[in-house]
Amino acid sequence: MKIDTKDFAAVFLKGKIDEYLEGIRQEYNAVSETCASLRKQLAEYNKAEEVASLAKQLNQAYTHSLCQLSDVEKKRLEKFKSYHYINCFNRGKNEYYDYRLQETGIGTIIVVTCPICKKYADITDVDSW
Ligand SMILES: [Zn+2]
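Given the structure is predicted, the values throughout are model-derived calculations rather than measurements.

Moving on, we get to the domain arrangement of the protein chain. When the domains of the protein chain are assigned, the result is domain 1 (5–60) and domain 2 (68–128). Computed over C-alpha atoms only, the centres of domain 1 and domain 2 are separated by 50 Å.

This is the structure in structure tokens:
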């Protein structure tokens with residue numbers, strides 16, 4: 001029996017083309033579902049509600065915090081902690097610092113102490129008062 005190589009190639013290619021088309025169709029359907037889902041999410045998105053929710057979270061973080069560090073105070077604290085991280089091995093799961101906050105009426109004095117070496121630093125940024 002003689003096999004016609006042209007027909008075999010045509011059948012083989014037809015099968016491959018069908019396979020590729022099926023893959024493309026499945027991908028198209030998945031993208032279409034994602035698109036519909038995103039359109040629904042966009043239609044339901046309420047910017048004012050989202051902003052109000054974020055403002056509420058921000059306000060809660062502000063009102064429930066003992067103190068708000070200025071950028072300068074944050075840098076001073078990081079420098080202090082970095083020094084004691086290296087020199088006192090105040091690090092890892094046992095790492096901690098003692099903080100003293102003193103309200104003055106116009107601002108808060110912030111003093112941080114390393115419990116290992118007992119050194120402390122006043123990191124207060126009086127310019128931010
Ligand atoms: Zn220390």
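Turning to the sheet that holds strand 3 (residues 120–122), a few remarks are in order. If you walk across this open sheet you meet the 3 strands as 1-2-3, and the pairing is antiparallel. The sheet is open, and its two edges are formed by strand 1 (98–103) and strand 3, each paired on a single side. Taking each pair of neighbouring strands and ignoring which way they run, the sheet shows an average axis angle of 15°. Both strand 2 (residues 108–113) and strand 3 contribute to a ladder of 3 bridges, which runs antiparallel. Bridge pairing in strand 3 links Val111 to Asp122.

Conventions and cut-offs
- Residues numbered from 1 in each chain as written.
- Predicted model: local features only at pLDDT ≥ 70, side-chain atom pairs only at ≥ 80, totals over all residues.
- Domains from an automatic or database assignment.
- Pairing = 2+ DSSP bridges.
- Helix = DSSP H or I, 4+ residues; strand = E, 2+ residues; numbered from the N terminus.
- Axes fitted to C-alpha atoms, helices over the stretch in contact; angles between N-to-C directions.

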